[in-house]
Amino acid sequence: MNTPLDVAADLAAKPTWRARKNTLMTGLMLAAFVLIAIPLVAVLWSLISRGASVAFHGFPDFFTSTIPVVSRRAGPGMGPAIVGTLLCTGGATLIAVPLGVLGAIYLNEYGAGSKFARIVRFMAMVMTGVPSIVMGLFVYVMWTMRFGYSAFGGALALACLMLPIVIQATEQMLRVVPSQLREASFALGAGHARTILTVVIPAALPGIVSGALLAVARAAGETAPLLFTVGAATAYNPHLFSEANTALSVQIFGNATSSFDAAQQRAWGAALTLVLLTFVVTMIARLVTGRFALKR
Amino acid sequence: MATEHTIEAKPRARSLNHVPTPELRPSMLDALMTAPVVFEISNLDVYYGAFKAVRGVNVQIRANQITAFIGPSGCGKTTVLRCMNRMNDLIPGARIEGKVLYRGVDLYGPDVSPTIVRRRIGMVFQKPNPFPKSIYDNIAFGPRVNGVRDRTKLGEIVEKSLRNAALWDEVKDRLQSSALALSGGQQQRLCIARTIAVEPEVVLMDEPCSALDPIATAHIEELMRELKSKYTIVIVTHNMQQAARVSDFTAFFTAEADASGQRFGQLVEHDATGKIFSNPKDQRTENYITGRFG
């Protein structure tokens, strides 16, 4: 029936509607990617072009000097805000990550289908939708009004924000650990706790770390919860629990809304510093978890 | 049977260690029948929630023999197997009625710890399921659960288990690399090595070769014949040739529908493999093994 020539003609690509649809869709996806990239690149570009000259002028002055008390005075720096951000975010991480991870372990490994677990899971979902300024007000009323401004107040507010993110990310990661691994562990005579600690958690660890980092990065950039809880210091305050402190995000907000050029310059510098700080923390966490990874 | 160095007996499990030697049951028919009975399952019903999945199973498993469970899908082979080391406890809503006696002790008795039961009665699963850890850590997992901390001893156990599972020569140079990099057949042998590293008395295998090619299957079958001298083996298989090749006893299960149309599994016949395959008592068994059904 078919000669070889016919077969070649039969198999050859034809300009069908399906082929055109393929090209069209590929083009649309590429366009979407470019559209996504534009704001990302633009943000980074404006940060670097305006912030780098401020932040790296007379390096490392900007990162070490105290904040000028009179905001119209030109010059560095953001040292106390860096310390404040590290204290608030670090404190929040120490509160939210252990609580969130343990809670998620309960939800997925012990509570699973129980009514209590369902309620907690639902509350965590609702909590992710609570505006961050509400968290700030909550901590202001519960803590700051009694104990005054401190980095710890900020840490509490940020922890409230991070907690649901950590719980949800961790539970998601625990859920995708194959049940065959749990069965294998039980079949070797391991108990529940040992199975979770030595099989489930290590298998889910990269995902848990990612979730925690996402929460940390989000918390580090939050301004609203810190406005009423941290205060506005201009000098170094390394104490977590006492005296007013400050944070990069609060400084960006304060300085950027100022009418003085010097303050606005500092806001750009602080913004770049915050991005760099988040980047460095993320890289360190990735490197540390990378060391646990298996060699193939 | 079990050497004591890897096992810290918790007081709860004492009843498992101090059982009298099972009585011998001589049989005129077959020398096989003289092997001591390890498992005595009587009137076993298994429920998943309200659904009675398996009904009225009576079977005896003899020491240092390979017993094969065969039958069509949904006939309860795996369910019964998983009752033998209490793996069904992990499924919410699963429960049993009837007795599962292991060397005379009721496995579902109030003082029995499922954790310790599973140290004595190991299991190899259908799909190779190595931990995402190194080869070494996979094998050392069980001994570590049993409290072995000494590195030299762990190293010895790892080597011995891998040798017994016929995997040592292939992996001895890369014990620290990921077990997930192994081929499917190697992974399954790794899982067998991991199971025998805790020196169980019984190894339950749930279709261990269903994901493997014929060469890897031949490896595992050869392995089973070697392991038989040390362990009692129960294997679930869909492959009747495999049952005929490796097993000493065969239990044939089938799925039936009750009056309400609910399908459930039951045991039809259990006998020496030679008899099941040459001269079965039940017509359904004969239909199944001759390929007229299932």
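Residues numbered from 1 in each chain as written. Chains lettered and ligands numbered in written order. Predicted model: local features only at pLDDT ≥ 70, side-chain atom pairs only at ≥ 80, totals over all residues.

(A) Spotlight on the overall build of chain B. On a plain count of helices and strands, chain B comes out with 11 helices and 10 strands. Out of the 294 residues in chain B, the part that is buried amounts to 47%. In chain B, once contacts between residues fewer than 6 apart in sequence are set aside, the share between residues at least 24 apart is 71%. (Helix = DSSP H or I, 4+ residues; strand = E, 2+ residues; numbered from the N terminus. Buried ≥ 20, exposed ≤ 12 C-beta atoms within 10 Å, placed from the backbone. Contact = placed C-beta atoms within 7 Å.)

(B) Region of the structure containing the environment of A:Thr85. All names here are of chain A. Inspection of the secondary structure assignment puts threonine 85 in helix H4 (residues 79–111). Classification of threonine 85 as buried rests on a count of 30 C-beta atoms within 10 Å. When the C-alpha atoms of threonine 85 and alanine 256 are compared, they prove to be 18 Å apart, with 171 residues separating the residues in sequence. Among residues more than four places away in sequence, those in contact with threonine 85 are Ala220, Ala247, Leu248 and Leu277.

(C) Up close: the domain arrangement of chain A. Residues and elements named next belong to chain A. Assigned domains within chain A: domain 1 (4–55) and domain 2 (79–292). Across the contact, seven residues belong to domain 1 and eight residues belong to domain 2. Residue composition of the side of domain 1 that touches domain 2, grouped by class: five nonpolar, one polar and one charged. (Domains from an automatic or database assignment. Nonpolar A, V, L, I, M, F, W, Y, C, P; charged D, E, K, R; others polar.)

(D) Just the interface of chain A and chain B, in detail. Each partner contributes to the interface: chain A provides 16 residues, whereas chain B provides 25 residues. Considering each element in turn, the side of chain A that touches chain B owes the most residues, six residues, to helix H8 (residues 179–187) of chain A. Grouping the constituent residues of the side of chain A that touches chain B by class yields nine nonpolar, three polar and four charged.

(E) Quick look at the packing of H8(A) against helix H9 (residues 192–221) of chain A. Residues and elements named next belong to chain A. H9 packs onto H8 with a crossing angle of 155° between their chain directions and a minimal axis gap of 10 Å. Taken together, the axis directions place H8 and H9 in an arrangement best described as roughly antiparallel. In this structure, H8 crosses over H9, and the sense of that crossing is right-handed. Contacts from Leu181, Arg182, Ser185 and Phe186 of H8 reach H9 at Thr195, Val199, Val200 and Ala203. When its residues are assigned to classes, the contact of H8 with H9 shows five nonpolar, two polar and one charged. (Axes fitted to C-alpha atoms, helices over the stretch in contact; angles between N-to-C directions. Parallel < 35°, antiparallel > 145°, perpendicular 65-115°, else oblique. Left-handed = near helix turned anticlockwise from the far one by under 90°.)

(F) The arrangement of helix H6 (residues 132–147) of chain A in detail. All names here are of chain A. In this model H6 runs 21 Å from its N-terminal to its C-terminal C-alpha over 16 residues, within 8% of the 22 Å that 1.5 Å per residue would give. Every buried residue of H6 is listed here: Met135, Gly136, Val139 and Thr144. For H6, the secondary structure elements touched by its buried residues are helix H7 (151–175) and helix H10 (224–227). Looking at the residues trailing H6, positive phi occurs at glycine 148, about 85°. (Expected span 1.5 Å × (residues − 1).)

(G) Spatial organisation of the nonpolar core. Counting 148 residues, the largest nonpolar core has A:Met162, A:Val166 and B:Val234 as its most contacted members. The element that contributes the greatest number of residues to this core is H7(A), accounting for 17 residues. When neighbours within four sequence positions are excluded, A:Val166 is seen to be in contact with A:Ala96, A:Val97, A:Gly100, A:Val101, A:Gly211, A:Ala212 and A:Ala215. (Core = buried A, V, L, I, M, F, W, Y, C linked by C-beta atoms within 7 Å.)

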